[in-house]
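Spelled out, the chains give:
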Amino acid sequence: MTNHWVDIKNADVVLIMGGNAAEAHPCGFKWVTEAKAHNKAKLIVVDPRFTRSASVADFYAPIRTGTDIIFLGGVIKYLLDHDKIQHEYVRNYTDFSYIVREDFTFDAGLYSGYNAEKRTYDKASWDYERGDDGFVKTDPTLTHPRTVYQLMKKHYSRYTEDMVERVCGTPRDKFLKVCDMLASTATTNRAATILYALGWTQHSIGSQIIRTGAMVQLLLGNIGIAGGGMNALRGHSNIQGLTDLGLMSNLLPGYMTLPNEPEQDYAKYIETRALKPLRPNQLSYWQNYGKFHVSLMKAWWGKSATAENNWAFDYLPKLDKMYDMLQVYELMVQGKMNGYIAQGFNPLAAAPNKSKLNDGFAKLKYLVIMDPLVTETSEFWRNAGEHNDVDSSKIQTEVFRLPTTCFAEEDGALVNSGRWLQWHWKGAEPPGEAKSDIEIMSLIFTRLRKMYQEEGGKYPDPIVNLSWPYSNPQNPTAEELAKEYSGKALVDVMDPKDPTKLVRKGGEQVAGFAELRDDGSTASGCWIFAGAWGPGGNLMARRDNSDPTGIGQTLNWAWAWPANRRILYNRASCDVSGKPFNPRRSLISWNGKIWTGADIPDFKGDENPDGGMGPFIMNPEGVARFFAKAGMAEGPFPEHYEPFETPLGYNPLYPKAKGVTSNPAARVFKDDLAAMGTVDKFPYVATTYRLTEHFHYWTKNVRINAILQPEQFVEIGDALAKELGIANGSRVKVSSNRGYIKAVALVTKRLRALTIEGKTVHHVGIPIHWGFVGLAKPGFLTNTLTPVVGDGNSQTPEFKSFLVKVEKA
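Residues numbered from 1 in each chain as written. Predicted model: local features only at pLDDT ≥ 70, side-chain atom pairs only at ≥ 80, totals over all residues. Heavy atoms only, no water.

Going by what an unreviewed UniProt entry lists, the chain is known as Formate dehydrogenase-O major subunit and is assigned to Achromobacter kerstersii. Turning to the chain, the UniProt record has this under Subcellular location (unreviewed entry): "Periplasm". Turning to the chain, the UniProt record has this under Sequence similarities (unreviewed entry): "Belongs to the prokaryotic molybdopterin-containing oxidoreductase family." (UniProt positions renumbered as here; feature names shortened; annotations may be inferred.)

This is the structure in structure tokens:
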């Protein structure tokens with residue numbers, strides 16, 4: 001979330017698209033009801049299903065799953081055509097006036113630099129034009145044909161109302177109503193927020209869908225303001241913490257990145273990431289990358305991280321390719337992986353194509369499961385009849401199940417959707433021999449280290465030199481780890497502007513990331529968390545919910561990253577002189593000497609507005625990007641591509657072009673690409689979703705939840721049910737090109753047939769929660785049906801749009 005849950009109450013318009021907050025996030029949804037009740041906010045829901053969110057919405061519009069970029073691109077065209085944009089915001093705080101390189105092109109669905117054989121782009125041309133001084137060339141008049149404004153306007157000129165109706169299936173009048181409601185916030189006294197979840201992320205173009213939503217919000221001036229923002233709703237209590245701490249294969253904590261194989265030179269590795277300003281007087285805060293990186297290395301390797309070994313950069317793996325979960329399971333199937341640890345993860349249920357996963361797990365030498373409960377993954381080897389039809393006698397994998405504690409049985413911090421680190425305390429002792437994840441991983445590590453120390457091994461240095469300074473090396477405390485990721489001064493840290501002034505005494509916790517250094521004098525396990533456990537103690541444990549502003553800015557409740565800032569980019573809530581656009585919901589302002597207000601300024605505290613520094617200080621240009629430069633896999637402007645299993649078989653934007661039906665830069669392997677189903681055999685579009693009564697795959701182990709939702713079902717529109725002769729409550733078989741499931745048919749009016757390109761398209765809704773373990777009646781894993789293809793940026797699988805056949809069981 002750029003904003004936070006409580007801030008939703010400040011919105012005048014709430015768009016829920018790519019999510020179902022009322023059902024999947026019922027506690028957080030109360031802030032939507034607060035906005036409606038006390039702020040007269042209008043709630044819009046755009047979804048293939050008429051959901052619980054839609055049932056309380058002021059306006060609902062249907063859409064075909066996987067076509068959100070067409071819909072949002074149409075909104076962009078509408079806002080530009082009708083001049084419904086926040087001009088002062090867009091002119092000063094975005095790259096509208098920036099001129100793009102002359103060799104940048106877009107033709108028939110492909111950007112310049114595409115390599116069809118590798119399915120990747122050379123992104124060199126995806127950049128701004130530079131002057132002799134190294135700065136970006138601009139045209140404030142916006143008349144130059146290669147300004148971002150002109151290119152974007154041309155790009156989305158194809159996203160007409162007719163195109164939206166034809167491709168999305170959204171009736172024209174409903175689409176225009178949504179446009180009009182959103183456009184009402186293009187003024188300084190109104191705000192719109194966008195709430196999304198896995199309905200946007202779980203597509204082969206998921207990241208670009210989110211970018212398109214962000215572009216709508218930038219046009220309206222809704223980023224950085226109270227009641228605005230792009231707000232991702234997390235389904236687990238600590239999914240935000242997972243990404244913050246860098247648990248993707250190419251990430252380091254704090255959204256830093258591992259070096260790639262060609263990056264053997266430390267100085268160049270830092271230089272590539274410590275981006276220099278692209279316009280005069282801009283900050284480009286990533287210039288501090290070296291400070292964050294060295295402090296991380298000191299937290300990990302302590303005294304062994306020295307200038308001589310490039311602050312332990314030499315210890316880091318250099319990636320030859322992405323090792324995301326899709327790649328890992330591909331290696332398993334190829335017999336190139338010996339073992340796998342599934343920690344708090346049930347991949348047999350949560351990753352695409354159960355059949356492929358079973359095949360891969362069966363080729364391992366060992367599989368370790370760390371989970372409080374028995375899972376389908378820990379039982380993958382067991383023949384459970386139709387629900388898991390495997391030949392157990394042929395599986396040689398040795399499976400170790402290590403029972404862990406659950407969140408209520410341990411101390412620690414959880415990071416919610418709004419970036420709040422909230423400390424929680426143990427509520428109960430764990431049962432039996434269950435141990436915390438911390439203790440289990442520590443026991444594994446200390447044993448491995450001892451083996452390397454005694455027996456040697458190929459390049460043991462990163463293992464034997466790892467810093468492990470805990471009071472009990474086999475079971476560090478949550479408090480010790482929290483202090484470590486927050487960070488401390490290793491020696492006295494002095495002010496670089498005044499070497500006689502002490503900033504932080506050696507051994508003290510740092511107050512924030514501004515105190516981190518690149519000379520080895522500080523350590524921090526996650527720079528964005530720096531200050532969470534500061535000199536004054538554990539700020540995550542604070543529980544003061546006082547709100548003197550009345551707009552939900554409870555700065556003394558827990559701690560938010562970064563710097564306890566509650567709304568990111570809040571400098572953009574003021575005009576260029578530092579005066580709030582909306583004084584009624586003011587976040588910060590310039591008082592003539594410093595920035596002050598209801599939030600921690602996302603800006604240099606003493607930076608005079610007259611200097612012209614842009615509010616988006618993490619970008620080297622200081623402004624927000626409509627043109628994403630080289631940051632995205634598919635292109636700098638989001639473009640519609642069909643799901644890999646499309647009910648059309650072509651891209652309506654380019655019906656005769658080859659190679660652009662689906663995302664040309666998606667994460668997909670050759671065999672999986674060849675195994676996609678086609679509409680002639682699988683004529684219906686399926687999408688997956690969650691239920692309020694179940695929490696993913698856990699609660700089917702809880703009797704009351706099993707009673708509330710005892711048996712697997714699939715949701716079928718009444719028109720399709722009538723066509724197939726299927727009665728409500730009867731059993732059906734749903735098949736894809738990868739397998740089938742059987743379930744009870746829930747015949748409903750919530751899924752309406754849509755007219756797409758003159759054809760009738762039916763959706764089938766499939767909840768995800770059942771499997772062959774637990775107290776609920778055994779069911780089929782939904783991912784039996786789903787294809788192996790991922791977003792080109794995040795590698796998130798395409799669970800929200802695939803093709804199926806439905807028939808009576």
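Under the defined criterion, the tally for this structure stands at 46 aromatic pairs. Pairing Tyr-269 with Tyr-289 gives two aromatic rings, centres 6.0 Å apart and planes at 80°, and the pair type is edge-to-face. Of the two residues, Tyr-269 sits in helix 12 (residues 266–273) while Tyr-289 sits in helix 13 (residues 289–301), which places them 20 residues apart along the sequence. Note on accessibility: Tyr-269 and Tyr-289 belong to one class, buried. Here a set of aromatic residues connected by ring pairs shows up, and it is made of Tyr-98, Phe-104, Phe-106, Tyr-111, Tyr-114, Tyr-121, Trp-126, Tyr-128, Phe-627 and Phe-637. Here Arg-571 stacks its cationic end above the ring of Phe-603, 5.3 Å away from the centre of that ring. Taking the ring centre of Tyr-740 as reference, the NZ or CZ of Lys-733 above it sits at 4.5 Å. (Phe/Tyr/Trp six-rings, centres within 6.5 Å; stacked < 30°, edge-to-face > 60°. Helix = DSSP H or I, 4+ residues; strand = E, 2+ residues; numbered from the N terminus. Buried < 20%, exposed > 50% of the residue type's maximum accessible area, 1.4 Å probe, protein only. Lys NZ or Arg CZ within 6 Å of the ring centre and 35° of its normal.)

Looking at the secondary structure, you find Ala-408 in the loop between strand 14 (398–403) and strand 15 (412–415). Through-space distance from the C-alpha of Ala-408 to that of Pro-430 is 8.8 Å; in sequence the pair is 22 residues apart. Not counting residues within four places of it along the chain, the set of residues in contact with Ala-408 comprises Lys-426, Gly-427 and Ala-428. (Contact = heavy atoms within 4.5 Å.)

Relative to the helices and strands, Thr-446 resides in helix 17 (residues 437–455). Note: C-alpha distance between Thr-446 and Pro-473 (27 residues apart in sequence) is 7.5 Å. A distance of 3.2 Å separates the side chain of Thr-446 from the backbone oxygen of Leu-443, its partner in a polar contact. (Polar contact = N/O pair within 3.5 Å; in protein donor to acceptor, adjacent residues only side chain to side chain.)

What follows deals with the UniProt feature "domain: Molybdopterin oxidoreductase" (unreviewed entry) in the chain. Summarizing the sequence annotation, UniProt attributes the feature "domain: Molybdopterin oxidoreductase" (unreviewed entry) to residues 2–377 in the numbering used throughout. In residues 2–377, helix accounts for 35% and strand for 12%; the two terminal C-alpha atoms are 35 Å from one another.

Taken in spatial order, the 3 strands line up as 15-16-23 in an open sheet, and their pairing is antiparallel. Each edge of the open sheet carries a strand with a single partner, namely strand 15 and strand 23 (559–560). Two elements, strand 15 and strand 16 (residues 420–424), share 4 bridges in a ladder whose sense is antiparallel. Its bridge partner lying in strand 16, Gly-412 is registered against His-424. (Pairing = 2+ DSSP bridges.)

Taken domain by domain, the chain holds domain 1 (15–235), domain 2 (325–463) and domain 3 (670–808). Taking only C-alpha atoms into account, the centre of domain 1 sits 38 Å from that of domain 2. (Domains from an automatic or database assignment.)

Moving on: helix 14 (residues 325–333). Counting buried positions along helix 14 yields 7 of 9 residues, so the element is predominantly enclosed. Every buried residue belonging to helix 14 is among Leu-326, Gln-327, Val-328, Tyr-329, Glu-330, Leu-331 and Met-332, and all of these are buried. As for helix 14, its buried residues are in contact with strand 12 (339–343), helix 15 (347–350), helix 16 (354–361) and helix 20 (670–674). Where helix 14 begins, the side chain of Asp-324 points an oxygen toward the backbone nitrogen of Leu-326, at a separation of 3.1 Å. Where helix 14 terminates, the next one or two residues include Gly-335, which has phi positive at roughly 75°.

Turning our attention to the packing of helix 4 (residues 68–81) against helix 10 (residues 206–219). The contact between helix 4 and helix 10 brings their axes to 9 Å, and the two run at 20°. Taken together, the axes of helix 4 and helix 10 are roughly parallel relative to one another. The way helix 4 lies across helix 10 gives a crossing that is left-handed. Contact residues: Asp-68, Ile-69, Leu-72, Gly-73, Val-75, Ile-76, Leu-79 and Leu-80 in helix 4; Gln-208, Ile-209, Thr-212, Gly-213, Met-215, Val-216 and Leu-219 in helix 10. (Axes fitted to C-alpha atoms, helices over the stretch in contact; angles between N-to-C directions. Parallel < 35°, antiparallel > 145°, perpendicular 65-115°, else oblique. Left-handed = near helix turned anticlockwise from the far one by under 90°.)

Counted by the stated rule, this structure contains 38 salt bridges. Where Lys-36 meets Asp-58, a salt bridge forms, and the shortest distance between an N and an O atom there is 2.8 Å. Of this pair, Lys-36 sits in helix 2 (residues 30–39) while Asp-58 sits in the loop between helix 3 (52–55) and strand 3 (59–61), and the two are 22 residues apart along the sequence. You can call Lys-36 partly exposed: its relative accessible area is 26%. Close ionic contact of Arg-172 with Glu-161 constitutes a salt bridge, the shortest N to O distance being 3.5 Å. Here Arg-172, found in helix 8 (residues 172–183), pairs with Glu-161, found in helix 7 (residues 161–168); they are 11 residues apart in sequence, far enough to count as distant. By relative accessible area, which is 29% here, Glu-161 ends up partly exposed. Connected via shared salt-bridge partners are Glu-161, Asp-162, Glu-165, Arg-166, Arg-172 and Glu-757. (Salt bridge = Lys/Arg side-chain N within 4 Å of Asp/Glu carboxyl O.)

Now for the nonpolar core. Core analysis: the largest hydrophobic core is formed by 77 residues, its most contacted members being Phe-71 and Met-152. When residues in this core are grouped by element, the largest group, 9 residues, is from helix 4. Those residues in contact with Phe-71, other than ones at most four positions away along the chain, are Met-17, Val-46, Ile-63, Val-164, Cys-168, Thr-170, Phe-175 and Val-178. By size, the runner-up hydrophobic cluster in this structure holds 53 residues, among which are Tyr-269, Leu-296, Phe-313 and Ile-551. (Core = buried A, V, L, I, M, F, W, Y, C linked by side-chain atoms within 4.5 Å.)

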